[in-house]
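# Notes for the structure review
Here are the chains, one letter per residue:
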Amino acid sequence: MSRTVIRGGLVITAADEVHADVLIEAGRVVALAAHDSEFTAGWSASADRVIDAAGKYVIPGGVDAHTHMELPFGGTFASDTFETGSRAAAWGGTTTIIDFAVQSVGHSLREGLDTWHAKADAQCAIDYGFHMILADVNEDSLKEMDVLVEEGVTSFKLFMAYPGVFYSDDGKILRAMQRGAANGGLIMMHAENGIAIDVLVEQALAAGRTAPRYHGEVRHALLEAEATHRAIKLAQVAGSPLYVVHVSAEEALAELATARDKGLNVFGETCPQYLFLSTDNLAEPDFEGSKYVCSTPLRPKEHQAALWRGLRTNDLQVVSTDHCPFCFSGQKELGRGDFSKIPNGLPGVENRMDLLHQAVVDGHISRRRWIEIAAATPARMFGLYPRKGTIAPGADADIVIYDPHAEQVISAETHHMNVDYSAYEGKRITGQVETVLSRGEPVIDGKTFVGRAGHGQYTPRGTCQYLI
Ligand SMILES: [Zn+2]
């Protein structure tokens, strides 16, 4: 049985910051104990590997609950495979991803799930789970939801946007929510009024407004707020909890806050792009703005302060990436002359932990809150806690040694995602991942990738552990 000791670091979880050594046996955390005690001296003597973490943070690996590896979208595919994307995640200190398996219209959930298993099987460097996108709510797929929950696919994403592709009308949404209320499945919502947005898209294009920045204008903040409000009311009627993905507008966040003040099980996620980027990026000339096209869209800078506040007050609970990369060359370019044909999505799975550490440095959030929104809460929200998301006896030894003083500059030249640009090109970050363990096995060691495709295991999940 292999034993690893992490010595001398500051262990930070959502709950505590303690100077402690960590003992790992057979892939799990066995014990934490004070540095330099008689007790821990014995650990090092019998260890196969001793990691010196003096001056460093010892944190649980990140849990990114929103990724789209190889997602088909607009006639092309997201450019990261499970192999390249999960490796990039590890480079950035994320040790678990939850990706979205896709049900297509006319097909079963099972077919969609099988397809995603085939894509990910033996490819991942870190552990992974699946949510299910419900694109076709009908009697059969509603019944299948029960089976999937039993199997560990315990969350289902519905879309109020993208008519004709993923869109569900209010009746379908209500039925899925009722089913979720009964079987424990958590409904995740893409909350934008897609029917109204499509009218504005048509009008913008007819008026010759075709540049990337119009993508942001037609996807109006009020249409995010309206859909968020409607989703909350439908969930209330169905008696189901609700998790709203990629909240970007202050007005939508206000709807969540109002619902939470009433004590409802309504949760919200935001993403680094909404915290660090804005419509200024969408307006970049020479079609560069297309690099920042995603839905919900980037908002004017003023929204950022509201999102940071929401993260501090727990009106937003999770920061995921919605990692869905498309290369500028040949993919984003499909939308030259028509913003509605730009594939929607941004790369980011590698950058999340660093950007949120920068937020600690900048004073937006505390260190413990960093770990809470990036690891502990996503693990709880999606039924992986305490196996993932913390450092405690019995937890998987998914651990990152993080150097809080290292300086780095984010760039497509040095990142590991399979995409030809970075959304954060040139951004200076204080802090960097040094070592990453996945179930006790080194994946990143002293800034070298030492993991392998296939180490990462499919991880069935329990139901939501975050309900109030
Ligand atoms: Zn997404």
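Residues numbered from 1 in each chain as written. Predicted model: local features only at pLDDT ≥ 70, side-chain atom pairs only at ≥ 80, totals over all residues. Heavy atoms only, no water.

## Things to note about the environment of Ala 20
Considering the arrangement of structural elements, one finds Ala 20 in strand β3 (residues 17–25). Given the relative accessible area of 6%, Ala 20 is considered buried. In this structure, Ala 20 is in contact with Ile 6, Gly 9, Val 11, Leu 32, Ala 33 and His 35, ignoring residues within four places of it in sequence. (Helix = DSSP H or I, 4+ residues; strand = E, 2+ residues; numbered from the N terminus. Buried < 20%, exposed > 50% of the residue type's maximum accessible area, 1.4 Å probe, protein only. Contact = heavy atoms within 4.5 Å.)

## Some details on the coordination of the zinc ion
Around the zinc ion, the protein contributes the donor atoms His 66 (NE2), His 68 (NE2) and Asp 322 (OD), at 2.0 to 2.2 Å from the metal centre. Counting the intervening residues between successive donors of the zinc ion yields the motif H-x1-H-x253-D. With His 68 in the loop between β7 (62–67) and β8 (72–73) and Asp 322 in the loop between β16 (318–319) and α13 (352–361), this pair connects stretches of sequence that are 254 residues apart. (Donors = N, O, S within 2.8 Å, 3.2 Å for Na, K, Ca; no water.)

## Describing the packing of aromatic side chains
Overall, the coordinates contain 17 aromatic pairs when judged by the stated rule. Plain terms: the ring middles of Tyr 128 and Tyr 458 are 5.9 Å apart, the flat faces sit at 55 degrees to each other, and that makes the pair tilted. Within this pair, whereas Tyr 128 is found in strand β11 (residues 127–133), its partner Tyr 458 is found in the segment after β19 (441–445), the two being separated by 330 residues in sequence. The class of Tyr 128 is buried, set by a relative accessible area of 3%. (Phe/Tyr/Trp six-rings, centres within 6.5 Å; stacked < 30°, edge-to-face > 60°.)

## Digging into the nonpolar core
With 136 residues, the main nonpolar core has Met 189 and Trp 370 as its most contacted residues. With 8 residues, helix α8 (residues 221–238) is the single largest residue contributor to this core. Not counting the four nearest positions on each side in its chain, Trp 370 is found in contact with Tyr 57, Ile 59, Met 353, Leu 356, His 357, Val 360, Ile 365 and Tyr 402. In terms of nonpolar packing, the next biggest core, distinct from the first, is built from 14 residues, Ile 6, Ala 20, Val 29 and Ile 51 among them. (Core = buried A, V, L, I, M, F, W, Y, C linked by side-chain atoms within 4.5 Å.)

## Looking at the state of the cysteines
Under the definition given, this model contains 0 disulfides. For Cys 271, which is in no disulfide, the shortest distance to another cysteine sulfur is to Cys 294 and amounts to 7.8 Å. Cysteine Cys 324 shares no disulfide, and the gap to the nearest cysteine sulfur, in Cys 294, comes to 9.6 Å. (Disulfide = S-S within 2.5 Å.)

## Notes on helix α1 (residues 38–45)
Those residues of α1 not exposed but buried are Thr 40, Trp 43 and Ser 44. Buried positions in α1, seen along its axis, are confined to an arc of 90 degrees and lie on one side of it. The exposed set on the far side of α1, more than 90 degrees from its buried face, consists of Glu 38 and Ala 45. Contacts made by the buried residues of α1 are with β1 (3–7), β3, β4 (28–34) and β5 (49–52). (Arc of directions from axis to C-beta.)

## Some points on the sheet that holds β7
Judged by pairing direction, the sheet is parallel, and its 8 strands sit side by side in the order β7-β10-β11-β12-β13-β14-β15-β16 without closing on themselves. Each end of this open sheet is capped by a strand with a single partner; those strands are β7 and β16. Looking at chain direction, strand β10 (residues 94–102) and β11 are connected through 7 bridges and run parallel. In the sheet register, Asp 99 faces β11, and the bridge partner there is Phe 130. (Pairing = 2+ DSSP bridges.)

## Things to note about the pattern of salt bridges
Pairing between side chains of opposite charge can happen when the charged atoms of each approach one another. Applying the stated criterion across every chain, the model contains 25 salt bridges. With a shortest N-O distance of 3.9 Å, Asp 396 and Arg 28 are connected by a salt bridge. Here the residue Asp 396 occupies a position in the loop between α14 (367–381) and β17 (399–409), and Arg 28 occupies one in strand β4, the gap between them amounting to 368 residues. Overall, Asp 396 belongs to the buried group, its relative accessible area being 4%. (Salt bridge = Lys/Arg side-chain N within 4 Å of Asp/Glu carboxyl O.)

## Here we look at the packing of helix α3 (residues 109–120) against helix α4 (residues 139–151)
One can describe the packing of α3 onto α4 by two numbers: an axis separation of 9 Å at closest approach and a directional angle of 40 degrees. Taken as axis vectors, α3 and α4 run oblique relative to one another. Of the residues in α4, those touching α3 at Leu 109, Arg 110 and Leu 113 are Ser 141, Glu 144, Met 145, Val 147, Leu 148 and Glu 151. Of the residues in the contact of α3 with α4, the class split is 5 nonpolar, 1 polar and 3 charged. (Axes fitted to C-alpha atoms, helices over the stretch in contact; angles between N-to-C directions. Parallel < 35°, antiparallel > 145°, perpendicular 65-115°, else oblique. Nonpolar A, V, L, I, M, F, W, Y, C, P; charged D, E, K, R; others polar.)

## Considering the pairing of strand β6 (residues 57–60)
With 2 bridges joining them, strand β2 (residues 10–12) and β6 adopt parallel strand pairing. Paired with Leu 10 across the two strands is Tyr 57, which belongs to β6.

## Digging into α8
An ideal rise of 1.5 Å per residue puts 26 Å on 18 residues; α8 measures up with 26 Å between its terminal C-alpha atoms. Where α8 is concerned, the buried positions are Ala 221, Leu 223, Glu 224, Ala 225, Ala 227, Thr 228, Arg 230, Ala 231, Ile 232, Leu 234, Ala 235 and Ala 238. (Expected span 1.5 Å × (residues − 1).)

## Points about unusual backbone geometry
Cis geometry is adopted by the peptide bond preceding Thr 296, which originates at Ser 295 and carries an omega value of 0 degrees. Topologically, Thr 296 is positioned in the loop between α11 (279–282) and α12 (302–313). That bond from Tyr 385 to Pro 386 is cis: its omega, 0 degrees, falls within 30 degrees of zero. Examined against the element boundaries, Pro 386 turns out to sit in the loop between α14 and β17. Despite not being glycine, Ala 122 shows a phi value in the positive range, around 65 degrees. With respect to the element layout, Ala 122 can be found in the loop between α3 and β11. For Ala 122, a relative accessible area of 48% translates into the label partly exposed.

## Things to note about the side chain of Thr 459
In this structure, Thr 459 sits in the segment after β19. Within the structure, the side chain of Thr 459 is placed 3.1 Å from the backbone oxygen of Gln 457, a separation counted as a polar contact. Leaving out residues up to four positions away in the same chain, Thr 459 has contacts with Asp 127, Tyr 128, Gly 129, Leu 384 and Arg 387. (Polar contact = N/O pair within 3.5 Å; in protein donor to acceptor, adjacent residues only side chain to side chain.)

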